[in-house]
Amino acid sequence: MDRRDLAWYVDKTAQWVIFAGGISAIVFIVGIFIFITKEGLDFVLGPLNLGEFFTSIAWRPTSNNPTYGALALIVGTASVTGFAMLLSVPLSLGAALFIAEFATGKTREVLKVLVEMLAAIPSVVWGFVGMSIMHPLIMRIFDVPLGLGVLNAGLILGLMAAPIMTTIAEDALKAVPDAYREAAEALGATRWEVIFKVVIPASRNGLLAAVLLGVGRGFGETMAVLMASGHAINIPTSPFDSVRALTATIASELGDTVRGGDHWGSLFTLGILLFVVTFVINLTADIVVRGIRKK
Amino acid sequence: MKRFFPLVALAVAACGGSDGRNQRAVIQNKGSDTLLNVAQAWAEAYATVNADVAVAVTGGGSGTGISAMINGTVDVANSSRKMRDSEIEAARANGVEPIEFIVGYDALAVYLHEDNPIEALTVDQVRAIYGEGGPVTKWSDLGVAVPGCGSDEIVLVSRQNNSGTYVYFKEAVLGDDGEYKLGSRDMHGSKDVVDLVENTPCAIGYSGLAYATEHVSMPCISSEEDSDCVSPTIATAVDGSYPIARPLFMYTAGEPQGAVKDYMDWILSPAGQCVILERGYAPYTETECT
């Protein structure tokens, strides 16, 4: 018999709350996509010239003859993220290998806590480090006119992305069953052979997912990049050149822009571009991770 | 971040000041971030002049303030640029005749690193440095070697493209159809520009005179090749001899009445003008302050 007493209501409420929590992510992501598309749509269908958007570097939305060339912003984001990955992929995969395969006992626990603490540093603090410590340091060491650029922002972003990549990569390495390692050792493999020929191939999907999530993190980071990149519309030809990221452009220009105008719409168009790119990166990471589970 | 502080300060002032004995008139004042410090200082000082009137100041940018004034949600709009024709039309269409007050001047200084030997620049030179197609990209093009700047490259420091400072500097130096060179470092605040120039020997920047520090140099500017070179000071901004000084505006919806009229009259009085002087901007007319 179905008795509608207190326990029944508690049960139903709990069910409902958990269901709402479960689908909220979907609701939010769809809501955000609809919102940025709605704000950007008038611009995309109206004044936007796709050829200019992707091939011109002239981002002059407030000029008397406005031009909306986003090439330099796209290249800026890509170069900073790329540089960050060059630095952080070997660093964090190395760290994950050490924590998962070599470190034991206290060392391991301390390292794990430290890596997680590194992930908790707010991005504006990283930006501050880039601006006030790295900027004069880079100027002095390399004798360049300005220390704000791809190198500075890439280093900062690399350090920001490394903890997430390390944590996920370590989980992937730990997920390799010990039986694999034991079997390899039984066949006479050395420790390096176990890691390079057995553990890494077995966990490569997870490692790839870790790298992709790091890329996604780098792509979406705003404040630290805004402060450390120099925020200059420029196609970089050396690591010391200043660049400007898509995210930083939105952050710095949206505040004083007339709501609903072309400039407003163009910034939301940058938002749509960012959303699509990060969505694809995360989706790829997800599909790759699913690949492991099926095995 | 900055724009929240006045709000908090005002909320506190409003609560602390109202004793409930009489109904206080509230003047809503909104707009330019350049004018925000001054507007806030005026509001605070006016509280001691007329305790029956509270002035609520918020920032948000010149455009935001003007559209709020057109829509009737604020009494006074602050603006670091003149109202555009399109905005005046929009106001008239809404039955509002905007009245303009020039409440002071802001001299935009050109900032250089303190080791930079340049002491004088012409407007043409500044245009050649900042303007699209301008030939000057190295300090040696101006005939100087800057100590600490081994690469000789001029590092351009500018502002984000919707700031009033960016717009005014473009009008005054590059001309109506001029464009900035791409590749300048676009800072997000007047103070950020000065900070970066202070730390970078190769850099040149522009920003309000109010943001000057001891560690940057400000060359004098001459409007023509053979005209006098004028240093950016409050005095030269007041008498109009400094070529890159802009008026700061307040707009009311129609001729101000009652409390708003008293407030505007007080701002333009010597007492109000000494407040703007204290904040590092120039009064709209020569004013004796102690």
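Refer to the structure above for everything that follows.
These numbers come from a predicted model, not from an experiment.

**What about the overall build of chain A?**
Each helix and strand in chain A was counted, giving twelve helices and two strands. For chain A, the N- to C-terminal ordering of α and β elements is α-α-β-β-α-α-α-α-α-α-α-α-α-α. Principal-axis analysis of the C-alpha atoms places the extent of chain A at approximately 70 × 70 × 35 Å. By the burial criterion, 43% of the 295 residues in chain A qualify as buried. In the form shown here, chain A has an accessible surface area of approximately 15,300 Å², with 70% of it arising from carbon and sulfur atoms. Charged side chains of chain A number 21 positive and 22 negative; the gap between the two group centres comes to 5 Å.

**Description of the pattern of salt bridges**
Residue and element names in this part refer to chain A. This model, assessed by the stated rule, comprises 19 salt bridges over all chains. A salt bridge links Arg-181 to Asp-178; the nearest nitrogen and oxygen atoms lie 2.7 Å apart. With Arg-181 and Asp-178 both in helix α7 (residues 178-186) and three residues apart, the pair spans about one turn of that helix. Judged by its relative accessible area of 11%, Arg-181 is buried. What makes Asp-178 partly exposed here is its relative accessible area of 49%.

**Concerning the pairing of strand β4 (residues 98-113) of chain B**
Residues and elements named next belong to chain B. Taking burial as the measure, the 16 residues of β4 include 13 buried ones, the bulk of the element. Here β4 runs beside strand β11 (residues 245-253); their pairing, made up of nine bridges, is antiparallel. Considered in β11, the bridge of Ile-102 is made with Phe-249. Where β4 lies against strand β9 (residues 216-217), two bridges are found, and the strand directions are antiparallel. Looking at the pairing, His-113 lines up with Val-216 of β9.

**Some details on helix α6 (residues 150-174) of chain A**
All names here are of chain A. Helix length check: α6, at 25 residues, gives a terminal C-alpha distance of 34 Å against a target of 36 Å (1.5 Å per residue), a fit within 8%. In the structure, α6 departs most strongly from a straight axis at Ala-162, where the bend amounts to approximately 30° and where the proline Pro-163 lies between one and four residues downstream. Most of α6 sits out of view: 18 of its 25 residues are buried.

**Digging into the packing of helix α5 (residues 123-130) of chain B against helix α6 (residues 164-174) of chain B**
All names here are of chain B. In contact at an axis separation of 9 Å, α5 and α6 are set at 120° when each is read in the N-to-C sense. It follows that α5 is oblique to α6 by the angle criterion. Across the interface between the two elements, Val-123, Val-126, Arg-127 and Tyr-130 of α5 pack against Phe-169, Ala-172, Val-173 and Leu-174 of α6. Within the contact of α5 with α6, the residues separate by chemical class into seven nonpolar, no polar and one charged.

**Examining the interface of chain B and chain A**
Listed per partner, the contact involves 30 residues of chain B and 26 residues of chain A. Of the roughly 2,200 Å² buried where chain B meets chain A, counting both sides, 49% is carbon and sulfur surface. Ranking the residues of chain B by area buried against chain A places Asn-161, Asn-162 and Leu-182 of chain B at the top, with a combined share of 27%. At the junction of chain B with chain A, the criterion picks out three salt bridges. On the surface where chain B and chain A come into contact, there are twelve residue pairs in polar contact (both at pLDDT 80 or more). Those elements that provide at least two residues to the side of chain B that touches chain A are α6, β7 (185-187) and α7 (190-199) of chain B. Taken together, the residues of the side of chain B that touches chain A break down into eight nonpolar, eleven polar and eleven charged.

Each value, and the rule that gives it
Residues numbered from 1 in each chain as written. Chains lettered and ligands numbered in written order. Predicted model: local features only at pLDDT ≥ 70, side-chain atom pairs only at ≥ 80, totals over all residues. Heavy atoms only, no water. Helix = DSSP H or I, 4+ residues; strand = E, 2+ residues; numbered from the N terminus. Buried < 20%, exposed > 50% of the residue type's maximum accessible area, 1.4 Å probe, protein only. Areas by Shrake-Rupley, 256 points an atom, 1.4 Å probe, with all protein chains shown as cover. Lys, Arg positive; Asp, Glu negative; His and termini not counted. Charge placed at Lys NZ, Arg CZ, Asp CG, Glu CD. Salt bridge = Lys/Arg side-chain N within 4 Å of Asp/Glu carboxyl O. Pairing = 2+ DSSP bridges. Expected span 1.5 Å × (residues − 1). Bend = angle between axes of the 7 residues up to and from the residue. Axes fitted to C-alpha atoms, helices over the stretch in contact; angles between N-to-C directions. Parallel < 35°, antiparallel > 145°, perpendicular 65-115°, else oblique. Contact = heavy atoms within 4.5 Å. Nonpolar A, V, L, I, M, F, W, Y, C, P; charged D, E, K, R; others polar. Buried area = accessible area lost by both parts, 1.4 Å probe. Polar contact = N/O pair within 3.5 Å; in protein donor to acceptor, adjacent residues only side chain to side chain.

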